[in-house]
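Understanding the architecture of this molecule
Residues per chain, in single letters:
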Amino acid sequence: MSFSSEVKEELARITSGARHCRIAELAGILDFCGEIVLDEGAYRVKVHTENVSVAKRFFTLLKDTFGIHGELQVKRNEYLKRSRNYSVFVDKHEDCVLLLKAVKYFEPKSFGLVLQNTCCKRAYIRGAFLAAGSMSDPEKNYHFEIVTLHEQFAVQLQDVLDFFELDAKIVIRKKYYVVYIKEGAKIVDVLNIMEAHVALMNLENVRILKDMRNTVNRRVNCETANINKTVSAAVKQAEDIRFLQEHRGLSELNQGLQDIAYLRLEHPEATLKELGEMLNPPVGKSGVNHRLKKLSKIAEDMRMGGSL
């Protein structure tokens, strides 16, 4: 089962709540996967989905809110034989009118009354996601989206999401308007808003593990870079010292430079701190670094034609 399907299955099990919230959730489902037909003066409502949990949710909300008993139909997908399509019909004109009046279908300017309460806004988002939403597997990336053919519903949903400061965006994909959120923390917030708490915890666990892996990788990369830098510096120092040894010898150097030169040749893997501790008396990292830099400068001058 995909992560999206797990989220929808969880949402479909949520207790229906207050009547005004049930109406808001029904409005979300109707806006994003509903079909309303007026035929010879009679209304007919249909909700189509590929997810059985969504079909059951719509059926239950109709019954619990209005006492309407929808008709559920199941068909096999023509192209994917193992999958099914689910449709819930409301054929009785009076039932359709009751439902459509409740969601302000006949009074679109009054639709704000359906979402008057914060809890109803939550329910509307839940209905919209059940109808036409999807989420990517958080193990791969973070992406939440809800798709519609209608610009007005996309803008309306964006406004509701932004009420919760989710910073939702809209993009046009072929003939569809896609309302999406890509930031992991915001997707956690929207799961909380829809009351998908189990999915939220699963996503948070994935985020924590990914953050830990990223932190470890950054530290390993940083340490590897530091080691490579240290090794490269040590190799260069040893090369300079050998150059001096081969072309002039080290005896003409002062005692401090001689001591550090011989130690570097004997301990090519040692850090500056370790080299300093081997000296008698011990010398700090900056002192060791100063001496090695001086040796390299002398070697460079000799390569350029100078004298020791």
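Note that this is a predicted model, so its numbers are computed, not measured. (Residues numbered from 1 in each chain as written. Predicted model: local features only at pLDDT ≥ 70, side-chain atom pairs only at ≥ 80, totals over all residues. Heavy atoms only, no water.)

1. With respect to the sheet that holds strand β3 (residues 71-76)
- Strand order in this open sheet of four strands is β1-β2-β4-β3, and the pairing throughout is antiparallel. Looking at the sheet topology across the chains shown, the edges are occupied by β1 (34-39) and β3. In this sheet, neighbouring strand axes are inclined to one another by 25 degrees on average, regardless of whether the strands run parallel or antiparallel.
- Relative to strand β2 (residues 42-49), β1 runs antiparallel, the two being bridged by six bridges. Residue pairing in the sheet places Gly-34 in a bridge with Val-47 of β2.
- Here helix α2 (residues 19-33) sits on the sheet and contacts β1 and β2; the angle it forms with β2, its principal contact strand, is near 85 degrees.
- Most of the contacts of helix α3 (residues 52-66) go to strand β4 (residues 84-90), to which it runs at about 15 degrees, and overall it touches β2, β3 and β4. (Pairing = 2+ DSSP bridges. Helix = DSSP H or I, 4+ residues; strand = E, 2+ residues; numbered from the N terminus. Axes fitted to C-alpha atoms, helices over the stretch in contact; angles between N-to-C directions. Contact = heavy atoms within 4.5 Å.)

2. Focus on the pairing of β4
- For β4, a buried count of six out of seven residues is recorded, marking the element as mostly surrounded by other parts of the structure.
- Relative to β4, β2 runs antiparallel, the two sharing five bridges. Note that in β4 the partner of Lys-46 across the bridge is Phe-89.
- Here β3 runs beside β4; their pairing, made up of six bridges, is antiparallel. Bridge assignment links Leu-72 to a residue of β4, and that residue is Val-88. (Buried < 20%, exposed > 50% of the residue type's maximum accessible area, 1.4 Å probe, protein only.)

3. Description of the packing of aromatic side chains
- In the structure shown here, the tally under the stated rule is eight aromatic pairs.
- With a centroid separation of 5.4 Å and 80 degrees between ring planes, the pair formed by Tyr-105 and Phe-106 is classed as edge-to-face.
- Given a relative accessible area of 38%, Tyr-105 falls into the partly exposed group.
- The class for Phe-106 is partly exposed, based on a relative accessible area of 36%.
- Ring geometry for Phe-129 against Phe-144: centres 5.3 Å apart, planes inclined by 10 degrees, an arrangement best described as stacked. Of this pair, Phe-129 sits in helix α5 (residues 118-132) while Phe-144 sits in strand β6 (residues 144-148), and the two are 15 residues apart along the sequence.
- What makes Phe-129 buried here is its relative accessible area of 0%.
- Assessed through its relative accessible area of 0%, Phe-144 is described here as buried.
- Among the aromatic side chains, those forming a connected cluster through ring pairs are Phe-32, Phe-111, Tyr-124 and Phe-153.
- Lying across the ring of Phe-163, Lys-121 places its NZ or CZ 4.6 Å from the centre.
- Across from the ring centre of Phe-243, 4.5 Å away, lies the NZ or CZ of Arg-303, which sits over that ring. (Phe/Tyr/Trp six-rings, centres within 6.5 Å; stacked < 30°, edge-to-face > 60°. Lys NZ or Arg CZ within 6 Å of the ring centre and 35° of its normal.)

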